[in-house]
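Here is how the chains run, residue by residue.
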Amino acid sequence: MGILHLDAADKFEAMVAKSETPVLVDFWAPWCGPCRMVAPELEKLDAEAGSKVKIVKINIDDFGDLAKAHKVLGVPTMVLFKGGKEEERLVGFRPHKDIQKAIEKFL
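What comes next is a walk through the structure. (Residues numbered from 1 in each chain as written. Predicted model: local features only at pLDDT ≥ 70, side-chain atom pairs only at ≥ 80, totals over all residues. Heavy atoms only, no water.)

1. A look at the overall build of the protein
Looking only at helices and strands, one finds four helices and five strands in the protein. Going from the N terminus to the C terminus, the protein shows its helices and strands as β-α-β-α-β-α-β-β-α. The dimensions of the protein, computed from C-alpha atoms along their principal axes, are 30 × 30 × 20 Å. Buried residues in the protein amount to 46% of all 107 residues. Sequence-distant contacts, at least 24 apart, represent 71% of the contacts inside the protein between residues at least 6 apart. Here the protein has roughly 5700 Å² of accessible surface; of this, 54% comes from carbon and sulfur atoms. Distance between charge centres in the protein, computed from 16 positive and 17 negative side chains, equals 5 Å. (Helix = DSSP H or I, 4+ residues; strand = E, 2+ residues; numbered from the N terminus. Buried < 20%, exposed > 50% of the residue type's maximum accessible area, 1.4 Å probe, protein only. Contact = heavy atoms within 4.5 Å. Areas by Shrake-Rupley, 256 points an atom, 1.4 Å probe, with all protein chains shown as cover. Lys, Arg positive; Asp, Glu negative; His and termini not counted. Charge placed at Lys NZ, Arg CZ, Asp CG, Glu CD.)

2. Some details on the pattern of salt bridges
For the structure shown, the criterion picks out five salt bridges. Taking the shortest distance from any N to any O, the salt bridge between lysine 85 and glutamate 87 comes out at 3.8 Å. The class of lysine 85 is exposed, set by a relative accessible area of 51%. Classification of glutamate 87 by relative accessible area gives partly exposed; the value is 29%. (Salt bridge = Lys/Arg side-chain N within 4 Å of Asp/Glu carboxyl O.)

3. Side note on the side chain of serine 19
On the secondary structure map, serine 19 appears in the loop between α1 (12-17) and β2 (23-28). Among the polar contacts listed, one links the side chain of serine 19 to the backbone oxygen of threonine 21, at a separation of 2.8 Å. Here lysine 54 takes part through its side chain, which lies 3.4 Å from a polar atom of the side chain of serine 19. The residues touching serine 19, leaving out its near neighbours within four places in the chain, are Ala14 and Lys54. (Polar contact = N/O pair within 3.5 Å; in protein donor to acceptor, adjacent residues only side chain to side chain.)

So, in structure tokens, the structure goes:
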């Protein structure tokens, strides 16, 4: 499917809240070392998951209001949404297997 990058706050609803597939939202920042470490883990996960899950990256420097609305206190924070509802939250660097395990519960 390919990792999507949110480029406008008004697209959150269509990309995440109204998605028919589970969505893993990665709240990140370019200055964050652990965020850079988790990026290849998400790339690998995206390649494996195909169309079963959508991965959306949200830069908190550009979309601070969205981060605040979703109670993101630190980055990286990965939030799994299903049916527009938050189902799982992972904070900090997590290896591929931990992220995959969290997603598999909702497929």
